[in-house]
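Coordinate analysis (summary)
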Amino acid sequence: MMLAMQTPALSERPILVVDDDAKIVRLVRTYLERDGFAVVTAADGPAALDAIETHQPALVVLDLMLPELDGRAVIRAVRRDEEAAATPILVLSARGTTIDRIAGLEDGADDYLPKPFSPAELVVRVKAILRRAAQNASTTAKPTPTGGSAGAAPSGAIGGRIAHNGLVLDPERHEVTVAGRMAQLTHVEFRLLQTLLEADGRVLSRDQLLDAVWGAEQSEVLDRTVDVHIRRLRDKLGDDPDAPRYVATVRGAGYRSAPVVS
């Protein structure tokens, strides 16, 4: 799956709803369109991948129990694709146990809403994910403050970019490279890494990371969600939790950026 065309602005892209239950598709579509979103749909896994390539959606609302190719396989395929990897995915599934939710997040979902669900809550979650994605996309390089003020950039900041032990995070381009190799991160993974690096060595609790990445309104997001995304982030960066170069665990407290290696 390769997206050869230039990606349109986030606000110009539709929401893709993927479910083989036509009633649920109509329900979700109705509520999203009431809020002004353009919506496209797909009823199975292969059709979902085709729609992602064709429409470059701003977000995917994805059922897991799909014909031909299940939702978890769709998530993994999207996350492996160089162009589509950062597409936010909200899972909407009857598989609502904690184990199912963690598995979906480990596959690369950005959020998980079990069925039966409130359509109004789904719209709120869609807006929250898109708001985070828009913030990431619109972040621009800013001059580094002088005089050692509280708003000073991290010590590794270079013209808005942050360099840390061979890793470079570029907020303007929404790109992360490790030793010159591009790391394909989701919006949540990117925001987690950016938040930790910008803290410049300060320890951030799981609650602080939840507020920074998911927003204070997402009170039902599990603490375990942070751990799942940190684990995926480390895997993509090739970071060893026992000898971290980028993200260090502080037992009983949370996470911090790893010490700079001179």
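A few points on the structure. Just so you know, these numbers come straight off a predicted model, no measurement behind them. (Residues numbered from 1 in each chain as written. Predicted model: local features only at pLDDT ≥ 70, side-chain atom pairs only at ≥ 80, totals over all residues. Heavy atoms only, no water.)

1. Some points on the sheet that holds strand β4 (residues 89-93)
Taken together, the five strands give an open sheet; going across it, the order is β2-β1-β3-β4-β5, and neighbouring strands pair in parallel fashion. Each end of this open sheet is capped by a strand with a single partner; those strands are β2 (39-42) and β5 (111-114). In this sheet, adjacent strand axes meet at a mean angle of 20 degrees when their direction is disregarded. This element, helix α2 (residues 45-55), spans β1 (15-18), β2 and β3 (59-62) of the sheet and lies at about 175 degrees to β1. With respect to the sheet, helix α3 (residues 71-80) is in contact with β3 and β4, its orientation differing from that of β4 by roughly 175 degrees. (Pairing = 2+ DSSP bridges. Helix = DSSP H or I, 4+ residues; strand = E, 2+ residues; numbered from the N terminus. Axes fitted to C-alpha atoms, helices over the stretch in contact; angles between N-to-C directions. Contact = heavy atoms within 4.5 Å.)

2. Some thoughts on the nonpolar core
If you look at the biggest cluster of nonpolar residues, it comprises 26 residues, and the most contacted ones within it are Leu 167, Val 176, Leu 193, Leu 237 and Val 247. Going through the elements one at a time, β8 (167-170), β9 (175-178), α6 (187-198), α7 (206-213) and α8 (223-237) are the ones with two or more residues in this core. The element that contributes the greatest number of residues to this core is α6, accounting for six residues. (Core = buried A, V, L, I, M, F, W, Y, C linked by side-chain atoms within 4.5 Å. Buried < 20%, exposed > 50% of the residue type's maximum accessible area, 1.4 Å probe, protein only.)

3. Looking at helix α1 (residues 22-34)
Here α1 is 13 residues long and its end C-alpha atoms lie 18 Å apart, about the 18 Å a rise of 1.5 Å per residue gives. Of the residues making up α1, those classed as buried are Ile 24, Val 25, Val 28 and Leu 32. In an axial view of α1, the angular spread of the buried residues amounts to 100 degrees, which keeps them on one side of the axis. Turned more than 90 degrees away from the buried face of α1 sit Lys 23, Arg 26 and Arg 34, all of them exposed. Following α1 by one or two positions, Gly 36 has its phi on the positive side, about 90 degrees. (Expected span 1.5 Å × (residues − 1). Arc of directions from axis to C-beta.)

4. A short note on the packing of aromatic side chains
Inspection of every chain in the model, using the stated rule, returns zero aromatic pairs. In this structure, Arg 34 packs its charged tip against the face of Tyr 31, placed 4.9 Å from the ring centre. (Phe/Tyr/Trp six-rings, centres within 6.5 Å; stacked < 30°, edge-to-face > 60°. Lys NZ or Arg CZ within 6 Å of the ring centre and 35° of its normal.)

5. A look at unusual backbone geometry
Pro 116 follows Lys 115 through a cis peptide bond whose omega is -5 degrees. Tracing the sequence through the fold places Pro 116 in the loop between β5 and α5 (119-138). In this model, Glu 68 sits at a positive phi of 70 degrees, which is unusual for a non-glycine residue. Locating Glu 68 in the fold gives a position in the loop between β3 and α3. You will see that His 174, though not glycine, has its phi angle at about 55 degrees, which is positive.

6. Structural notes on the packing of α3 against helix α4 (residues 98-107)
Remark: α3 packs on α4, axes separated minimally by 9 Å, with the N-to-C direction vectors making an angle of 25 degrees. As far as their axial angle goes, α4 and α3 are roughly parallel. On α4, the residues touching Arg 72, Ile 75, Arg 76 and Arg 79 of α3 are Ala 103, Gly 104 and Asp 107. When its residues are assigned to classes, the contact of α3 with α4 shows two nonpolar, one polar and four charged. (Parallel < 35°, antiparallel > 145°, perpendicular 65-115°, else oblique. Nonpolar A, V, L, I, M, F, W, Y, C, P; charged D, E, K, R; others polar.)

7. Examining α6
Taking 1.5 Å as the rise per residue, α6 with twelve residues should run 16 Å; its terminal C-alpha atoms sit 16 Å apart, in good agreement. Turning to α6, its buried residues number three or more, namely His 187, Val 188, Glu 189, Phe 190, Leu 192, Leu 193, Gln 194, Thr 195, Leu 196 and Leu 197.

8. Looking at the pattern of salt bridges
Evaluated as defined, the whole model comprises 14 salt bridges. Here Lys 115 ties to Asp 63 by a salt bridge, and the two come within 3.5 Å at their closest N and O atoms. On the criterion of sequence distance, the pair formed by Lys 115 in the loop between β5 and α5 and Asp 63 in the loop between β3 and α3 is long-range, its members being 52 residues apart. Both residues of the pair, Lys 115 and Asp 63, count as buried. When salt bridges with common partners are traced through the structure, they connect Asp 19, Asp 63 and Lys 115 into a single cluster. (Salt bridge = Lys/Arg side-chain N within 4 Å of Asp/Glu carboxyl O.)

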